[in-house]
Amino acid sequence: MTRRIVWISVALLVLFGLGTAWFLTKFEQVPVKHRVKEQAEARRNPYLALERFLARLGRPVARVKNAQALDQLPAGGVLTLGRQRRQHMGPARVGRLLTWVETGGYRIVTPELVRVEDPLLDELEVERAWLDADSQPQDDDQDDQQNDGGRTPKRKLQLPKLVSVSLPGMEKPLRLAFRAPPLHVGDVEPEWQAGQEEVGDQVLHFSFGDGYLTVVAGLDSLLDNRHIGQQDHAELI
């Protein structure tokens, strides 16, 4: 009786081993994405995912809303400026920010909308406009135009869904969903510029003294919580 129990136990172990081996050869564990509703913190901060991403890269970010902080920037830091800053950009502050860059700072700038004055870009002589109004898309935020005394919507052409941009040092072009007009340089020559030829430049990189300044069209819309995980947006930053 005892010998019979032993053989039955051995047989069960063999069957279990064979079953386990078959299972491991036929199946593998893979990650599965599961989208959940955004929590209160993400609703309060549209760039929460970006902040956590940078923290994991060892580059924690501090978000400030007080414009006076722009006058007390740490030397050699990185400053990223979003849109809706025009009222805080007087000539004196624009000059101080450029001096901060020249002494080793790095400034990353998102241009204002086409119809909004942008003193920072004016200082660089950078324009935001479509190359050809007949063939290039109109600004998504552009107002309706006057026509024969009445207001009628002006037809809005569409950007390509994805723009292929090659940045220096990258092994392959980045696929980015730009939704902003291209950038055009003036007399201030960038160190390099990047964009898709038929669309125009979306990235301008300038060198000033010991520091750098990069202008990226529509950067804020590429890196918010909804879009940073799409295409190559995270790789861009």
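This text goes with the structure placed above it.
Residues numbered from 1 in each chain as written. Predicted model: local features only at pLDDT ≥ 70, side-chain atom pairs only at ≥ 80, totals over all residues. Heavy atoms only, no water.

Draft legend 1. Fine view of helix α4 (residues 91-102). Between its first and last C-alpha, α4 extends 17 Å over twelve residues, near the 16 Å set by a 1.5 Å rise per residue. Of the residues making up α4, those classed as buried are R93, V94, L97, L98, W100 and V101. Projected onto a plane normal to the axis of α4, the buried residues spread over an arc of 155° and lie on a single side. Buried residues along α4 sit against β1 (78-81), β2 (106-109), α5 (119-124), β10 (200-208) and β11 (211-216). Positioned one or two residues after α4, G104 has a phi angle of 120°, which is positive. (Helix = DSSP H or I, 4+ residues; strand = E, 2+ residues; numbered from the N terminus. Expected span 1.5 Å × (residues − 1). Buried < 20%, exposed > 50% of the residue type's maximum accessible area, 1.4 Å probe, protein only. Arc of directions from axis to C-beta. Contact = heavy atoms within 4.5 Å.)

Draft legend 2. Here's a closer look at the pairing of β1. Taking every second residue as pointing to the same face, the buried face of β1 carries L79 and L81, while none of V78 and T80 on the other face is buried. Here four bridges tie β1 to β2, and the two strands are oriented parallel to one another. For L79, the partnering residue across the bridge sits in β2 and is R107. A crossover connection joins β1 to the parallel β2 through α4; in handedness this β-α-β unit is right-handed. (Pairing = 2+ DSSP bridges. Right-handed = clockwise from strand over helix to strand, strands pointing away.)

Draft legend 3. Summary view of the packing of aromatic side chains. The full count for this structure, using the stated rule, is three aromatic pairs. Judged by centre distance (6.0 Å) and plane angle (75°), the rings of W22 and F27 are edge-to-face. Taking the centre distance of 6.0 Å and the plane angle of 25° together, the rings of F206 and F208 count as stacked. The exposure class assigned to F208 is buried, which follows from its relative accessible area of 14%. Grouped by ring-pair contacts, the aromatic residues W22, F23 and F27 constitute a single cluster. (Phe/Tyr/Trp six-rings, centres within 6.5 Å; stacked < 30°, edge-to-face > 60°.)

Draft legend 4. Structural detail: the layout of surface pockets. Roughly 890 Å³ of internal volume is contained in the second largest pocket. In this structure, the second largest pocket is lined by 21 residues; those nearest its centre are R35, A49, N225, R226 and I228. Contributions of two or more residues to the lining of the second largest pocket are made by α2 (40-44) and α3 (48-56). In terms of residue count, the dominant contributor to the lining of the second largest pocket is α3 (five residues). The residue inventory of the lining of the second largest pocket, partitioned by class, reads seven nonpolar, six polar and eight charged. (1 Å grid on protein atoms, 1.4 Å probe; cavity = no way out; pocket = protein on both sides within 12 Å on 5 of 7 lines; lining within 4 Å. Points joined across faces, edges and corners; volume = space filled by probe spheres on them. Nonpolar A, V, L, I, M, F, W, Y, C, P; charged D, E, K, R; others polar.)

Draft legend 5. Here's a closer look at the environment of L54. Within the element layout of this structure, L54 appears in helix α3. For L54 and A234, which are 180 residues apart along the polypeptide, the C-alpha to C-alpha distance reads 9.7 Å. Ignoring any residue separated from it by four or fewer positions in sequence, one finds L54 in contact with R59, P60, V61 and I237.

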